[in-house]
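Single-letter residue listing:
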Amino acid sequence: MGILVDKNSKVIVQGMTGREGASHSRAMKEFGTQVVAGVTPGKGGQDFEGWPVFNSVAEAKSATGANVSIIFVPPAGAADAVLEAAHAGIPLIILITEGVPTVDMMRAVQEVKALDEHSRAHGGEGVRLIGGNCPGLVTNAEAKVGIMPNKIYATPGRIGLISRSGTLTYEAAKLLNDAGMGTSTTVGIGGDPVIGTTFADVLPLFEADPDTDAVVVIGEIGGADEEAAAEYIKTSMKKPVVAFISGRSAPKGKRMGHAGAIIMGDVGTPESKLAAFQAANVPVADTMPEIIDLVKQALNK
């Protein structure tokens, strides 16, 4: 079954009537995802290619029972869209938008965390934000809530995949698929400096998932998320984990690709990430294809 989303997930699309929202709504429907409605303020009551459109997330949730929202809203309004979904009681929110102002993301992440803690303290299922600047997530052959290519994820697999990089997410998933292993669930957490869900947040879900045998972590230079993930693996994971770190040849002080991929002093360096994974007995691939060999070795131990 994988984690976070499955065939029973009911998805609303914030920004469905825009170009990107419309295109990916169609692709998610084609994959088999239960896309149940769109949300575009001012267009409530309209029909969009067979989907009802609502003015607010609260209205859409009340009418459809949605439990997942994916957001295709321009950067200036993206954080507000996240908070609208969170306050409406949507337990899983995926923010695809790139370029959301950092101060807006800090506000949204902090408020979502507070809402999550309040919900769990009162017996609720919590609130989780994935992204922004992420490709979303997909449980093979069950549900896709994101922008990944459909065909890579058509066959169920048993390898969990977590990645900060969009393109490398697809490459790793295809390599695993071509090797006959495939992925259970793929989670793109996003590469911005401030994101809602980290590696260390997702790893426990894969550790508890009976349909995941091993996990691949695709990290990047910059930040300390990989180091935190390595610490969790070292202390709490029994399933094998294989890693890859992109940007290892980047010069210090230079931003490479993602906004979060910047090295400041000794924080976020390739050396610190490699040392952390080594201390956690996590093999790190030098190339993407090497991931396959390391996963096979880990499963055969």
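In the annotation of an unreviewed UniProt entry, the entry for the protein chain reads Succinate--CoA ligase [ADP-forming] subunit alpha, and the organism field reads Deinococcus metalli. Per UniProt, the comment on the protein chain under Sequence similarities (unreviewed entry) is "Belongs to the succinate/malate CoA ligase alpha subunit family." Listed in UniProt under the heading Pathway (unreviewed entry), the comment for the protein chain reads: "Carbohydrate metabolism; tricarboxylic acid cycle; succinate from succinyl-CoA (ligase route): step 1/1."

(A) Representation of the overall build of the protein chain. In terms of helices and strands, the protein chain carries nine helices and 14 strands. For the protein chain, the C-alpha radius of gyration of 19 Å lies close to 19 Å, the compact-globule estimate for 301 residues. Expressed as lengths along the three principal axes of its C-alpha atoms, the size of the protein chain is roughly 55 × 40 × 40 Å. The 301 residues of the protein chain split such that 56% are buried. Contacts in the protein chain between residues at least 24 apart in sequence constitute 73% of all its contacts with a sequence separation of at least 6. Carbon and sulfur atoms provide 52% of the accessible area of the protein chain, an area that totals close to 12,600 Å². With 26 positive and 33 negative side-chain charges, the protein chain shows a separation of 2 Å between the mean positions of the two kinds.

(B) Up close: the sheet that holds strand E9 (residues 143-146). Pairing is mixed in the open sheet, where seven strands are placed in the order E9-E8-E11-E10-E12-E13-E14. With partners counted over all chains shown, the strands left at the sheet margins are E9 and strand E14 (284-285), one partner each. Sheet topology note: the strand E12 (residues 214-220)/strand E13 (residues 241-246) ladder contains six bridges and is parallel. By the bridge assignment for E13, Val 216 is matched with Val 242.

(C) Examining the sheet that holds strand E1 (residues 10-14) more closely. As summarised here, the arrangement of the seven strands in space is E3-E4-E2-E1-E5-E6-E7, forming an open sheet in which the pairing is mixed. Edge positions in the sheet fall to strand E3 (47-48) and strand E7 (128-131), since each of these pairs with one other strand and no more. As judged from the two bridges shared by strand E2 (residues 34-39) and strand E4 (residues 51-54), these two strands associate in the parallel manner. Bridged to Val 39 within E4 is Phe 54.

(D) Just the pairing of strand E11 (residues 183-188), in detail. A large share of E11 lies buried, amounting to six of its six residues. Pairing analysis gives four bridges linking strand E8 (residues 136-139) to E11, with the strands arranged antiparallel. Residue pairing for E11: Thr 139 is matched across the bridge by Thr 185. Pairing of strand E10 (residues 159-163) with E11, which is carried by four bridges, proceeds in the parallel orientation. Each residue of the ladder has a partner; that of Leu 161, found in E11, is Thr 186.

(E) Seen up close, helix H4 (residues 102-121). With 20 residues, H4 ought to run about 28 Å at 1.5 Å a step, and its terminal C-alpha atoms sit 28 Å apart, in line with that. For H4, the set of buried residues is Asp 104, Met 105, Ala 108, Val 109, Val 112, Asp 116 and Ser 119. Along the axis of H4, the buried residues cluster in a sector spanning 125°; they form a single face. Looking at H4, the residues exposed on the side facing more than 90 degrees away from the buried face are Val 103, Gln 110, Lys 113, His 118 and Ala 121. Where H4 is buried, its residues meet helix H3 (75-87), strand E6 (92-95) and E7. With its phi angle positive at about 85°, Gly 123 sits one or two positions after the end of H4.

Conventions and cut-offs
- Residues numbered from 1 in each chain as written.
- Predicted model: local features only at pLDDT ≥ 70, side-chain atom pairs only at ≥ 80, totals over all residues.
- Heavy atoms only, no water.
- UniProt positions renumbered as here; feature names shortened; annotations may be inferred.
- Helix = DSSP H or I, 4+ residues; strand = E, 2+ residues; numbered from the N terminus.
- Rg over C-alpha atoms; globule rule 2.2 N^0.38 Å.
- Buried < 20%, exposed > 50% of the residue type's maximum accessible area, 1.4 Å probe, protein only.
- Contact = heavy atoms within 4.5 Å.
- Areas by Shrake-Rupley, 256 points an atom, 1.4 Å probe, with all protein chains shown as cover.
- Lys, Arg positive; Asp, Glu negative; His and termini not counted.
- Charge placed at Lys NZ, Arg CZ, Asp CG, Glu CD.
- Pairing = 2+ DSSP bridges.
- Expected span 1.5 Å × (residues − 1).
- Arc of directions from axis to C-beta.

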